[in-house]
Amino acid sequence: MAAVSQTLMDFGRNHRQTSSPGVEVIVTSRYQIALVPDFPIPGPNSVSWIRCPADEADDVIREARATITPRNLPVTWVLDPATEPPDFANRLAAHGIQPDTHGEEATVMVLPVETPLEVPAIAGLVIRDALEDFALFKAAEDVAAEAFAGIAFGENVDPSGTAERRFANHRATENRSALLATIAGVPAGSGSLTVFAPHGAMINGGAVRPQFRGLGVYRALVAARLEIARSLGAAGLAVWGGSMSAPILARCGFQPISWRRFYVDWSTAPR
């Protein structure tokens, strides 16, 4: 197992969302808000890095909600080991904000760039740049929708018509990459990463369609993203692994270094 550098450890534990095309970040002395209007679901829209005195916790919740509500976006409150006050989850509960039923906790994991990662031979596998054109990008999104939400591949998962804007925003973010894995020309898996060389690269969205699982597609997508990080001089990969993905990531060599806990707030998206 490759040794984890202090640089990669610090990156995995402390990396914060930054503004980029399509992503608005609001930083205060007590918390940080990230808003992605083209993804009107909890998760991409979040409140995190909460650091406040105990007697200001309720004020922080009210203030953040007041900032987000005009955008009509639900949010996820993200807690980490250094959240202050330590009982902030109880403060959220008092405001009706409950743990995410799709997964309350994720493990922060890292993979050093020197890690050798063997990938099984998969007949017909091709990993393509999903930002090459809109059709590939849309196929990658459809893969994720099927893998994560059970939406049949190719169904309209974008009734708001924002996919083309998301595509343009991804292409305009210089350190962003998106991949589409196909087998014999059929979309099979997808994943993305954002590189912050030399510190590390954040990966997310690793997904494989049900009929292609067990072949090694997920591992192949990890290996491809590790190679991109290596080529750009990053110290390695970092990821938030949920209960399903963390064991797979561990088999790829990822090592746990921290955690995040998630609490969903729908009050900021009034209907």
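Above: the structure in question.
Throughout what follows, the structure given in this document is the object of discussion. (Residues numbered from 1 in each chain as written. Predicted model: local features only at pLDDT ≥ 70, side-chain atom pairs only at ≥ 80, totals over all residues. Heavy atoms only, no water.)

1. Details of the nonpolar core
General note: in soluble globular proteins, nonpolar side chains tend to be found buried as a group.
1) Next: In this structure, Val-217, Val-222, Leu-237 and Phe-254 are the most contacted members of the largest nonpolar core, which totals 29 residues.
2) Next: Those elements that provide at least two residues to this core are β6 (105-112), β8 (176-183), β9 (186-196), β10 (200-208), α6 (217-231), β11 (236-241) and α7 (245-251).
3) Next: It is α6 that provides the largest number of residues to this core, a total of seven residues.
4) Next: What Val-222 contacts, discounting residues up to four positions off in sequence, is Leu-111, Leu-117, Leu-237 and Phe-254.
5) Next: Val-47, Ala-57, Ile-61 and Phe-88 belong to the second largest nonpolar core, which has 19 residues in total. (Core = buried A, V, L, I, M, F, W, Y, C linked by side-chain atoms within 4.5 Å. Buried < 20%, exposed > 50% of the residue type's maximum accessible area, 1.4 Å probe, protein only. Helix = DSSP H or I, 4+ residues; strand = E, 2+ residues; numbered from the N terminus. Contact = heavy atoms within 4.5 Å.)

2. Notes on helix α1 (residues 6-14)
1) Next: Those residues of α1 that fall on the buried side of the exposure criterion are Leu-8, Met-9, Phe-11 and Gly-12. Here the buried residues of α1 occupy an arc of 165° about the axis, which is enough to place them on one side.
2) Next: Among the structural elements, β6, β9, β10, β11 and β12 (255-265) are those in contact with the buried residues of α1. (Arc of directions from axis to C-beta.)

3. Thoughts on helix α4 (residues 134-149)
Side chains that are three or four residues apart share a direction in an α-helix, a result of its 3.6 residues per turn.
1) Next: Across its 16 residues, α4 extends 21 Å between first and last C-alpha, which sits within 8% of the 22 Å expected from 1.5 Å per residue.
2) Next: All of the buried residues in α4 are Leu-136, Phe-137, Lys-138, Ala-139, Ala-140, Glu-141, Asp-142, Val-143, Ala-144, Ala-145 and Glu-146.
3) Next: Packing partners of the buried residues in α4 comprise β7 (125-129), α5 (163-172), β8, β9 and β10.
4) Next: N-capping of α4 is provided by Asp-133, with a side-chain oxygen placed 3.1 Å from the backbone N of Ala-135.
5) Next: Looking one or two residues beyond α4, the residue adopting positive phi is Gly-150, at roughly 70°. (Expected span 1.5 Å × (residues − 1). Polar contact = N/O pair within 3.5 Å; in protein donor to acceptor, adjacent residues only side chain to side chain.)

4. Remarks on the environment of Arg-51
1) Next: Tracing the chain through its elements places Arg-51 in the loop between β3 (46-48) and α2 (57-68).
2) Next: Taking C-alpha positions, Arg-51 is 29 Å from Arg-176, a pair spaced 125 residues apart along the chain.
3) Next: Those residues within four positions of Arg-51 in sequence are excluded, and the remaining contacts are Ser-29, Arg-30, Asp-80, Ala-82, Thr-83 and Glu-84.
4) Next: Polar side-chain contacts of Arg-51 include one of 3.4 Å to the backbone oxygen of Ala-82.

5. A word on the environment of Glu-84
1) Next: Of note, Glu-84 is situated in the loop between β4 (75-79) and α3 (88-94).
2) Next: Overall, the relative accessible area of 36% leaves Glu-84 in the partly exposed class.
3) Next: The spacing of Glu-84 and Ala-188 is 104 residues in sequence and 42 Å in space, taken between C-alpha atoms.
4) Next: Leave out the neighbours within four places in its chain, and Glu-84 touches Ile-50, Arg-51 and Cys-52.

6. Focus on the pattern of salt bridges
1) Next: This model, assessed by the stated rule, comprises 14 salt bridges.
2) Next: Close ionic contact of Arg-30 with Glu-56 constitutes a salt bridge, the shortest N to O distance being 2.9 Å. Linking Arg-30 in the loop between β1 (24-27) and β2 (32-35) with Glu-56 in the loop between β3 and α2, this pair joins segments that are 26 residues apart in sequence.
3) Next: Between Asp-59 and Arg-30 there is a salt bridge whose closest N-O contact spans 2.9 Å. Here the residue Asp-59 occupies a position in helix α2, and Arg-30 occupies one in the loop between β1 and β2, the gap between them amounting to 29 residues.
4) Next: We classify Arg-30 as buried; its relative accessible area is 14%.
5) Next: Each of Arg-30, Glu-56, Asp-59 and Glu-63 takes part in a single network of salt bridges with overlapping partners. (Salt bridge = Lys/Arg side-chain N within 4 Å of Asp/Glu carboxyl O.)

7. As for the pairing of β9
1) Next: The buried fraction of β9 is high, at nine of eleven residues.
2) Next: Here β8 runs beside β9; their pairing, made up of eight bridges, is antiparallel. Each residue of the ladder has a partner; that of Ser-177, found in β9, is Leu-193.
3) Next: Here β8 hands over to β9 after two residues, with Ala-184 in that stretch at a positive phi of 55°.
4) Next: Pairing of β9 with β10, which is carried by seven bridges, proceeds in the antiparallel orientation. Across the sheet, the residue bridging to Gly-189 is Val-208, located in β10.
5) Next: Connecting β9 to the next strand, β10, in antiparallel fashion are three residues. (Pairing = 2+ DSSP bridges.)

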